[in-house]
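Observations on chain architecture
Listed below, chain by chain, are the residues.
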Amino acid sequence: MIRFYNTLTGRVEPFEPIEPGVVKLYTCGPTVYDFPHIGNWRAYAFEDLLKRFLLFSGFKVTHVMNITDVDDKTIRGANAKGVGLEEYTRPFIEAFRKDRDTLNILPADHYPRATEHIREMVEIIKVLLEKGFAYRRDGSIYFAIDKFPSYGGLSKINLEDLRPGSRGDADEYEKESVHDFALWKAPKEGEPSWDEGIGPGRPGWHIECSAMSSKYLGRTFDIHCGGVDNIFPHHENEIAQSEAANGVKFVNYWLHCHHLVVDGEKMAKSKGNFYTLSDILATGYDPLDVRYLLISTHYRKMLNFTFEALEQAKAARSRLGNFLGDLEDVTKEPDGNQDVRPLVENARAGFVAGLEDDLNISESLAALFSLVKMIYPLFSQGEISRRQAETVLGFFSSVENVLAVKPSPVRSASGTVTGVSDAGGKATVLESEVQAKIEARRKARTDKNFALADAIRQELLSQGILLEDTKDGVRWKKVGPSKT
Ligand code: AMP
Ligand code: ZN
């Protein structure tokens, strides 16, 4: 039985989808006013772990992720650059897709864009006006939160000091300034505007997700996710709009991940601790080391991103990779006395039990590493046959459907060099072993053995040597984050 912590009820609850065997999942997607940062990728990686585990557990999943391509931030950005919304948001949407694939995140079934769903938003606003939940003021339309008695139920905000009728136009605001929020904003100089029968204007951010989720998943669906910053006001307002308009419960389970911070601090460009995925990959890490780090902290805990933590993630992933590599190398035919199947079944049970318990990934990973620990002595005792190795490998390949971290062996390349290094200008100061590894990597690339080439690059990086391929050959430099 899968259980999730539901922000709405504040409890861990058994998960039961509306339709047996089918999960309808909505995850708030990128606001495409800038390149996604690793905090965003923490949220998307958590959602991917959730979705992959549901698929692994036999559910069919319909996943919708919106693209917010019109809101306060995208309009501000496009105006500052003097271009239209479409042109302004395009590179950020492309970067989102590219990073998503790089991090092995499964694509959603639908990526609806806000600008392509204005009519659906207007339909909901019309109903809210008709039912008396919305009112017009100065060309805009607002949601009257005092008309919706359960307002605040998700975020547990205190409505005691609320000034009735206080209004705000901004898409984002703090809990302290809870007020009637804009569903439809009056046209302004320099802002895009649509005229769909409720007067000219443009949508507020919150109505976008209400409209796009119900269009693709129905008026009531199973799971809605986002980061904790989405709880108020965004998700609180989504519930108010959807339930007031439709008269039925909007979402059964609300799952929110805690934030990613960098070196214990909120990411901010001004602090110089703001990372995109490309920033991190430029230091030489494999993107799946980043994925491992993002998914290996429980989603409801704050994730403190440091290069030390990334190094540990990389080491854990390599440990798995080396183990799998050793299993692949087993050729011994006769079985030993030890049957590995009970060990594997035990690990499988531990892995599943962990994730079933509100995605307790630490328990699941512990089950895997304890299997590794139990199998290794059996190698040295000559107990592992090819058949048994395949049993263990089969288990890890099913686990890979959930983790998607492609652990690959990191093998030493020393002693395999036959030839002269083509390293660049700094080659003369390389120690012979490093030089040998650069040559081994060059050979591996010539042989199209990119996994080995990558492994050698990673191995050097873990020793503090970053390789750079330039038109003049391979250059190296010492880098800070990795230990030397
Ligand atoms: P945005 O593009 O700002 O609308 O955010 C897209 C998703 O990333 C939302 O689910 C946010 O809650 C989430 N998010 C934003 N910043 C962080 C962070 N630092 N840590 C985790 N999730 C975040
Ligand atoms: Zn949303």
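Everything quoted here is computed from the prediction, not taken from an experiment.

Here the focus is the overall build of the chain. A tally of regular secondary structure across the chain gives 14 helices and 15 strands. The dimensions of the chain, computed from C-alpha atoms along their principal axes, are 80 × 55 × 35 Å. Counting all 484 residues of the chain, 54% fall into the buried class. Counting contacts in the chain only where the partners sit at least 6 residues apart, residues at least 24 apart contribute 74% of the total. In the form shown here, the chain has an accessible surface area of approximately 21,400 Å², with 50% of it arising from carbon and sulfur atoms.

Moving on: the side chain of His 224. Among the structural elements, His 224 can be located in strand β10 (residues 221–227). Assessed through its relative accessible area of 0%, His 224 is described here as buried. Of the polar contacts made by the side chain of His 224, one reaches the side chain of Glu 238; its length is 2.7 Å. Apart from the residues within four sequence positions on either side, His 224 is in contact with Tyr 26, Cys 28, His 235, Glu 238, Phe 250, Val 251, Tyr 253, Trp 254 and Leu 255.

All right, on to the coordination of the zinc ion (ligand 2) then. For the zinc ion (ligand 2), the protein coordination sphere consists of Cys 28 (SG), Cys 209 (SG) and His 234 (NE2), at 2.1 to 2.2 Å. In primary-sequence terms, the residues that donate to the zinc ion (ligand 2) follow C-x180-C-x24-H. With Cys 209 in helix α5 (residues 205–217) and His 234 in helix α6 (residues 231–246), the pair connects residues that are 25 residues apart, well separated along the chain. Side by side, Cys 209 and His 234 carry an identical accessibility label, which is buried.

One way to put it is that helix α1 (residues 38–56) packs onto helix α12 (residues 386–403) with a least axis distance of 7 Å and a crossing angle of 140°. Comparing their axes, α12 and α1 come out oblique. Side by side, α1 and α12 meet where Leu 49, Arg 52, Phe 53 and Phe 56 of the first sit next to Ser 398, Glu 400, Asn 401 and Val 402 of the second. For the contact of α1 with α12, the class distribution of residues is 4 nonpolar, 2 polar and 2 charged.

This part is about the pattern of salt bridges. A complete count under the given rule lists 21 salt bridges for this structure. Salt-bridge contacts for Glu 172 lead to Lys 73; the nearest nitrogen and oxygen are separated by 3.0 Å. Separated by 99 residues along the polypeptide, Glu 172 in the loop between β7 (167–168) and β8 (180–185) and Lys 73 in helix α2 (residues 72–81) bring together distant segments of the chain. Taking the relative accessible area as the measure of exposure, Glu 172 reaches 44% and is therefore partly exposed. Note that Glu 196 is salt-bridged to Arg 119, the shortest N-O span being 3.3 Å. Taken as a pair, Glu 196 in the loop between β8 and β9 (202–203) and Arg 119 in helix α4 (residues 118–130) lie far apart in primary sequence, 77 residues in all. Note on Glu 196: relative accessible area 25%, which makes it partly exposed. Classification of Arg 119 by relative accessible area gives exposed; the value is 54%. Through salt bridges that share partners, Asp 72, Asp 171, Lys 185, Glu 191 and Arg 202 make up one connected network.

Strand order across the open sheet formed by 4 strands is β4-β3-β10-β11, with parallel pairing between neighbours. Both edges of this open sheet fall to β4 (60–65) and β11 (251–257), since each of them pairs with a single strand only. For this sheet the average axis-to-axis angle between neighbouring strands, irrespective of direction, equals 20°. Of the strand pairs in this sheet, strand β3 (residues 22–27) and β10 are connected by 3 bridges, and their pairing is parallel. Along β10, the bridge assignment pairs Tyr 26 with His 224. The strands that α1 touches are β3, β4, β10 and β11; relative to β10, the one it contacts most, it runs at about 150°.

Moving on to the pairing of strand β6 (residues 140–143). Residues Ser 140 and Tyr 142 point to one face of β6 and Ile 141 and Phe 143 to the other, with burial holding for every one of them. Taken together, the 4 bridges between strand β5 (residues 134–137) and β6 define a ladder with antiparallel strand orientation. Looking across to β6, one finds that Tyr 135 is bridged to Tyr 142. Here β5 folds back onto β6, and the loop between the two strands holds 2 residues, one of which, Asp 138, carries a positive phi near 50°.

What follows deals with the environment of Ile 438. Inspection of the secondary structure assignment puts Ile 438 in helix α13 (residues 432–446). Separated by 36 residues in the primary sequence, Ile 438 and Val 474 place their C-alpha atoms 7.8 Å from one another.

A few words now on the site of ligand 1. Lining the immediate environment of ligand 1, one finds 16 residues, of which Thr 31, Gly 39, Gly 227, Asp 229 and Leu 260 sit closest. Here Gly 39 contributes a backbone N or O atom positioned 3.1 Å from a nitrogen atom of ligand 1. Between ligand 1 and Leu 260, the relevant distance is 2.9 Å, taken from a nitrogen atom to a main-chain nitrogen or oxygen of the residue. Surface burial for ligand 1 is 89%, taken as the share of its 490 Å² of free accessible area covered by protein chains. The element contributing the most residues to the shell around ligand 1 is α1, with 4 residues.

Of all hydrophobic cores here, the largest spans 79 residues; its most connected members are Leu 54, Ile 223, Phe 305 and Phe 396. When residues in this core are grouped by element, the largest group, 10 residues, is from α1. Apart from the residues lying within four places of it in its own chain, the contact partners of Phe 305 are Ile 38, Leu 260, Val 261, Val 262, Asp 263, Tyr 275, Ile 280, Leu 293 and Leu 310. Within the second largest apolar cluster, 50 residues are counted, among which are Ala 134, Tyr 173, Val 178 and Met 212.

What follows covers unusual backbone geometry. Along the chain, Phe 232 connects to Pro 233 via a cis peptide bond; the corresponding omega equals 0°. Here Pro 233 shows up in helix α6. The backbone phi angle of Asp 263 is positive, close to 45°, even though this residue is not glycine. Within the element layout of this structure, Asp 263 appears in the loop between β12 (260–262) and α7 (277–281). Phi at Lys 406 is positive, roughly 40°, even though this residue is not glycine. Tracing the sequence through the fold places Lys 406 in the loop between α12 and α13.

The rules behind the values
Residues numbered from 1 in each chain as written. Chains lettered and ligands numbered in written order. Predicted model: local features only at pLDDT ≥ 70, side-chain atom pairs only at ≥ 80, totals over all residues. Heavy atoms only, no water. Helix = DSSP H or I, 4+ residues; strand = E, 2+ residues; numbered from the N terminus. Buried < 20%, exposed > 50% of the residue type's maximum accessible area, 1.4 Å probe, protein only. Contact = heavy atoms within 4.5 Å. Areas by Shrake-Rupley, 256 points an atom, 1.4 Å probe, with all protein chains shown as cover. Polar contact = N/O pair within 3.5 Å; in protein donor to acceptor, adjacent residues only side chain to side chain. Donors = N, O, S within 2.8 Å, 3.2 Å for Na, K, Ca; no water. Axes fitted to C-alpha atoms, helices over the stretch in contact; angles between N-to-C directions. Parallel < 35°, antiparallel > 145°, perpendicular 65-115°, else oblique. Nonpolar A, V, L, I, M, F, W, Y, C, P; charged D, E, K, R; others polar. Salt bridge = Lys/Arg side-chain N within 4 Å of Asp/Glu carboxyl O. Pairing = 2+ DSSP bridges. Near = heavy atom within 4 Å. Core = buried A, V, L, I, M, F, W, Y, C linked by side-chain atoms within 4.5 Å.

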